[in-house]
Amino acid sequence: MNDAIRTPRPLHEPTRTDRLLAALGGLVSAYVSLAVADLASFWVRPEAGPVAAVGGAVVDRTPAALKEWAIRVFGESDKTVLQLGILLLLAVLALAVGLLALRHRLLGTAAVAAFGVLGALAAVTRPDSESAMDAVPSLVGAAAGALLLYVLIGRLLTPRPGTAQADRRGFLIVAASTGLAVTGAAALARSVGTPVQENAAASRAALRLPPPTSPAPAVPAGAQLDVPGISPFVTPNRDFYRVDTALVVPKVDADRWHLRIHGSGVREERTVTLPELMARPVLERDITLNCVSNPVGGPYAGNARWLGVRLADLLREAGVRPPSEGGPADQLVARSVDGMTIGTPVETVMDGRDALLAFGMNGEPLPFTHGFPVRMLVPGLYGYVSACKWIESIELTTFDAYDAYWVPRGWAAQAPVKTQSRIDTPRGLGRTAAGTVMVAGVAWAQHRGIRRVEVRIDDGPWQDARLAAVDSSDTWRQWVHPWAATPGRHTLTVRATDGTGTTQPERRTDTMPDGAQGWHSVEVTIKGG
Ligand SMILES: Nc1nc2c(c(=O)[nH]1)N[C@H]1C(S)=C(S)[C@@H](COP(=O)(O)O)O[C@H]1N2
Ligand SMILES: [Mo]
């Protein structure tokens, strides 16, 4: 029956314990809201869950400087930190809503519903949202939470039969049983997996990569130096850096995937499926990819053996010509299933380099985190202007007409990679024994290649490092410099010269707006003496 009508107000002023329980009730209701929303999002779309939706909305609205700071401080955990932050804020709000509900039962309940509406709004306004169904998880979750809060507060407003004390026992029983039931259901659903994710995982497991029609030559033996602590020439997939805005990794069903090519200069709009793509001449290429957010000496670079098709050929068949041949479009905008947009110069894609639509990475289908089933790659350009993961369409347009995702956020519209060199070993601030120390690392200037790497000890002269064999001008190059280390504290500095003869400038610049520059150096202490 309706407790609110039977007992319009508490028979007594709420005690401290009642207030504590009310706050707890707010917390449990918020938890149940989120768990139920999570469950519902399994069937709708994992990306439509309230935390992912609100988190995505926050990511898109975060000022570039703050995002840079977050990447610098939290590295690849930045997404986890954001989600924990949202949960923490929700927890505080939930405690307050619980207390509010004790004063005004309906108002508190309405507050829970209002959060649900906010979550629903965030979900349907995400760039990847295609249907109003995305509102469902937040709304269903909020309804469950609101109902629970209403019932729980009811217990606190109802005296235990024969006493003037709130029905705390009833409160605890309802709170605990609901919390447990929902937790169990969510765990069960997770162990089963969502229908969408199941299909995607099955399609990836069933995918057979075609043999390359143009295989990459074997990596020359001398490309991998035998120095402990150096970055391996080929980065294993599990160690490959990951940078993207996706709070929920998109799980695309390869059997339903297709790529749409359209826009200015396209003779006839085209749609290609994965089997069609894999039936084309297949290229295997070693390409180093790096992120514009990589600071000098930073970790956001990796090198892999990719399998894919030549993007330029596909574009030509569709009628596209580069600007140098009078084509009307100078920008290619790749769009991903999660609404990311990445703008690449058409001229660069069609200038003869191995710009790929890739489906294989180091001998396996792309991992989900790296863009399964298909991503773009353009040797020589930073990832944010070339390497669209989970790609679903390509539009030919102009830089004047369209700003891709990162451009209004302060990053340059065009960004060829800058030459970088990194000391992998010895590690900065490390303590090393005296004697011969192998100073070693990698240097990259994709598509220009690395011609020279020099090392400087303290303020001494620049000395040529020994370079590993060249694999391709699109890959990084290892280098090593044996150093007769003397006891004490030393500063080691590296600089590289690219294939055009240009040496890295000394002056450090920020990653914003088009990539960091400057020499990498590390401080080491040599023991003894
Ligand atoms: N869909 C999508 N593609 C994306 C991104 C993204 O956020 N979403 N990030 C880009 C950036 S900034 C980089 S550096 C590369 C990183 O690719 P990786 O995660 O496979 O290393 O992907 C690019 N492609
Ligand atoms: Mo990036």
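Residues numbered from 1 in each chain as written. Chains lettered and ligands numbered in written order. Predicted model: local features only at pLDDT ≥ 70, side-chain atom pairs only at ≥ 80, totals over all residues. Heavy atoms only, no water.

Looking up the protein chain in an unreviewed UniProt entry gives the name Molybdopterin-dependent oxidoreductase, with the organism given as Streptomyces sp. R44.

A. Broad picture of empty space enclosed by the protein. Summed over all chains, the structure comprises two cavities of 30 Å³ or more. Here the largest cavity defines a volume of roughly 220 Å³. In terms of lining, the largest cavity is formed by 16 residues, of which the most central are Arg126, Asp128, Thr245, Ala246 and Asp338. The residue makeup of the lining of the largest cavity, split by class, is eight nonpolar, three polar and five charged. (1 Å grid on protein atoms, 1.4 Å probe; cavity = no way out; pocket = protein on both sides within 12 Å on 5 of 7 lines; lining within 4 Å. Points joined across faces, edges and corners; volume = space filled by probe spheres on them. Nonpolar A, V, L, I, M, F, W, Y, C, P; charged D, E, K, R; others polar.)

B. Layout of the UniProt feature "domain: Oxidoreductase molybdopterin-binding" (unreviewed entry) in the protein chain. Per the UniProt record, the feature "domain: Oxidoreductase molybdopterin-binding" (unreviewed entry) sits at residues 248-406. For the annotated span residues 248-406, helix accounts for 10% and strand for 36% of the residues, and the straight-line distance between the end C-alpha atoms is 19 Å. (UniProt positions renumbered as here; feature names shortened; annotations may be inferred. Helix = DSSP H or I, 4+ residues; strand = E, 2+ residues; numbered from the N terminus.)

C. The packing of aromatic side chains, seen in detail. For the structure shown, the criterion picks out ten aromatic pairs. Relative to Phe74, the ring of Trp69 lies with its centre 5.7 Å away and its plane at 85 degrees, an arrangement referred to as edge-to-face. A centroid spacing of 5.9 Å and a plane angle of 80 degrees characterise the contact between Phe240 and Trp306, whose relative ring orientation is edge-to-face. Placement of Phe240 in the loop between α9 (195-206) and β1 (258-263) and of Trp306 in strand β4 (residues 301-310) is noted, with a sequence separation of 66 residues between them. No difference in accessibility class separates Phe240 from Trp306, as the two residues are buried. Put simply, the rings of Phe240, Tyr241, Tyr300 and Trp306 touch in pairs and so form one group of aromatic residues. Seen from the ring of Phe368, Arg204 lies directly overhead, with NZ or CZ sitting 6.0 Å from the centre. Taking NZ or CZ as reference, Lys251 lies 5.3 Å from the ring centre of Phe368, over its face. (Phe/Tyr/Trp six-rings, centres within 6.5 Å; stacked < 30°, edge-to-face > 60°. Buried < 20%, exposed > 50% of the residue type's maximum accessible area, 1.4 Å probe, protein only. Lys NZ or Arg CZ within 6 Å of the ring centre and 35° of its normal.)

D. Representation of the pattern of salt bridges within the structure. This structure, assessed with the given rule, holds 26 salt bridges. Between Arg280 and Glu317 there is a salt bridge; the shortest N-O distance is 2.8 Å. Placement of Arg280 in the loop between α10 (274-278) and β3 (283-290) and of Glu317 in helix α11 (residues 311-317) is noted, with a sequence separation of 37 residues between them. Glu317 gets classed as partly exposed once you look at its relative accessible area, which sits at 42%. For the salt bridge of Arg452 with Asp464, the shortest nitrogen-to-oxygen distance reads 2.8 Å. With Arg452 in strand β14 (residues 450-457) and Asp464 in strand β15 (residues 463-464), this residue pair connects regions lying twelve residues apart in the sequence. Judged by its relative accessible area of 48%, Asp464 falls in the partly exposed class. One network of salt bridges, with partners in common, ties together Arg45, Glu47, Asp128 and Asp134. (Salt bridge = Lys/Arg side-chain N within 4 Å of Asp/Glu carboxyl O.)

E. A look at the UniProt feature "transmembrane region" (unreviewed entry) in the protein chain. UniProt records the feature "transmembrane region" (unreviewed entry) for residues 20-44, 81-101, 106-124, 136-158 and 170-189 in the present numbering. A helix fraction of 100% and a strand fraction of 0% characterise residues 81-101, whose end C-alpha atoms lie 30 Å from each other. With 96% helix and 0% strand, residues 136-158 has end C-alpha atoms that lie 33 Å from one another.

F. Layout of the packing of helix α2 (residues 16-44) against helix α5 (residues 78-103). Closest axis-to-axis distance for the α2/α5 pair is 7 Å, and the angle between their directions is 130 degrees. Taken together, the axes of α2 and α5 are oblique relative to one another. The handedness of the crossing between α2 and α5 is right-handed. Of α5, the residues touching α2 (which contributes Asp18, Arg19, Ala22, Ala23, Gly26, Leu27, Ala30 and Leu34) are Leu87, Leu90, Ala91, Ala94, Leu95, Gly98, Leu99, Leu102 and Arg103. For the contact of α2 with α5, the residue count by class is twelve nonpolar, two polar and three charged. (Axes fitted to C-alpha atoms, helices over the stretch in contact; angles between N-to-C directions. Parallel < 35°, antiparallel > 145°, perpendicular 65-115°, else oblique. Left-handed = near helix turned anticlockwise from the far one by under 90°. Contact = heavy atoms within 4.5 Å.)

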